Amino acid sequence: FVWIEPGTFTMGSPSGEAGRQETEGPQHAVTITSGFWLGRREVTQAQWEQVMKTRPWEDSEYAVADSQRPAVYVSWTDVQDFLGRLNVAAGQMQYRLPTEAEWEYACRAGTTTAWSFGDDQAALEAHAWYSANAWGAGLRAAQPVGTRQPNPWGLFDCHGNVWEWVLDLYALYPD
């Protein structure tokens, strides 16, 4: 896990940013008032199996069974069960998903650029698995976790590979 210090950041992306989706705005200031721990990498299949004793990715068309690949084909409810089991084992409520704001804050890692490594799309391949270097190269499944460069705060796979679940509801930002 990586400790994420509290702070303020601009959430969302600028309206003129290339590839921006309408749901990524409007930009607004957000203050994270309490620090939190966040997993350095995505939860691996090995970690999921150890806790849940299941393999939801098994027999799925776009998944490869590999202990170092992320656990995929898991629902938000499945993740709540996973976290509940971790909390029972820990004897306290210490594990939860980050909020969307916490996740974006940690992903941005104090930067104000399109990606945590800057605005140069040519550098994307070194930091992320995405359509061009995965799907376009015939790698039609999530790739092993932590195999691209981390963001400035030491978090891997913030850009690309698989989507992450967050604690709160998916909704448009208020104006």
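Predicted model, so just to flag it, every value in this text is computed and none were measured.

### Thoughts on the overall build of the protein
Scanning the protein for helices and strands turns up 4 helices and 4 strands. Overall, the protein shows an N-to-C arrangement of helices and strands of β-β-β-β-α-α-α-α. Against the globule reference of 16 Å for 175 residues, the protein gives a C-alpha radius of gyration of 17 Å, in line with a compact fold. In terms of principal-axis extent, the alpha carbons of the protein reach across some 45 × 45 × 25 Å. Here the protein holds 175 residues, and 37% of them are scored as buried. Of the roughly 10,300 Å² that the protein leaves accessible, carbon and sulfur atoms contribute 54%. Across the protein, the 11 positively charged side chains and the 22 negatively charged ones have centroids separated by 7 Å.

### Side note on helix α2 (residues 76–90)
Residues separated by three or four positions in an α-helix point in the same direction, a consequence of the helix having 3.6 residues per turn. In a regular helix each residue adds 1.5 Å, so 15 residues correspond to 21 Å; α2 covers 21 Å between its end C-alpha atoms and thus fits that length. Turning to α2, its buried residues number three or more, namely Val 79, Phe 82, Leu 83 and Asn 87. Summarising the axial view, the buried residues of α2 lie within an arc of 135°, below the 170-degree limit, and thus occupy one face. Residues of α2 that are exposed and angled more than 90 degrees away from the buried face: Val 88 and Ala 89. Where the residues of α2 are buried, they touch α1 (45–52).

### What about the packing of aromatic side chains?
Under the definition given, this model contains 7 aromatic pairs. Centroid distance Trp 115 to Phe 117: 5.5 Å. Interplanar angle 5°. Geometry classified as stacked. Three or more aromatic residues joined by ring pairs make a cluster, and in this case those are Phe 9, Tyr 105 and Trp 153. The aromatic ring of Phe 156 is capped on one face by Arg 41, whose charged end is 4.5 Å from the ring centroid.

### Remarks on a nonpolar patch on the surface
Taken together, the side chains of Phe 1, Trp 3 and Trp 37 make up a nonpolar region of the molecular surface, amounting to roughly 400 Å² of accessible area. Position of Phe 1 relative to the elements: it lies in the segment before β1 (2–4). Judged by its relative accessible area of 55%, Phe 1 is exposed.

Rules and cut-offs
- Residues numbered from 1 in each chain as written.
- Predicted model: local features only at pLDDT ≥ 70, side-chain atom pairs only at ≥ 80, totals over all residues.
- Heavy atoms only, no water.
- Helix = DSSP H or I, 4+ residues; strand = E, 2+ residues; numbered from the N terminus.
- Rg over C-alpha atoms; globule rule 2.2 N^0.38 Å.
- Buried < 20%, exposed > 50% of the residue type's maximum accessible area, 1.4 Å probe, protein only.
- Areas by Shrake-Rupley, 256 points an atom, 1.4 Å probe, with all protein chains shown as cover.
- Lys, Arg positive; Asp, Glu negative; His and termini not counted.
- Charge placed at Lys NZ, Arg CZ, Asp CG, Glu CD.
- Expected span 1.5 Å × (residues − 1).
- Arc of directions from axis to C-beta.
- Contact = heavy atoms within 4.5 Å.
- Phe/Tyr/Trp six-rings, centres within 6.5 Å; stacked < 30°, edge-to-face > 60°.
- Lys NZ or Arg CZ within 6 Å of the ring centre and 35° of its normal.
- Patch = residues over 30% accessible without salt bridge, like charges linked within 9 Å, V, L, I, M, F, W, Y side chains within 5 Å.
- Salt bridge = Lys/Arg side-chain N within 4 Å of Asp/Glu carboxyl O.

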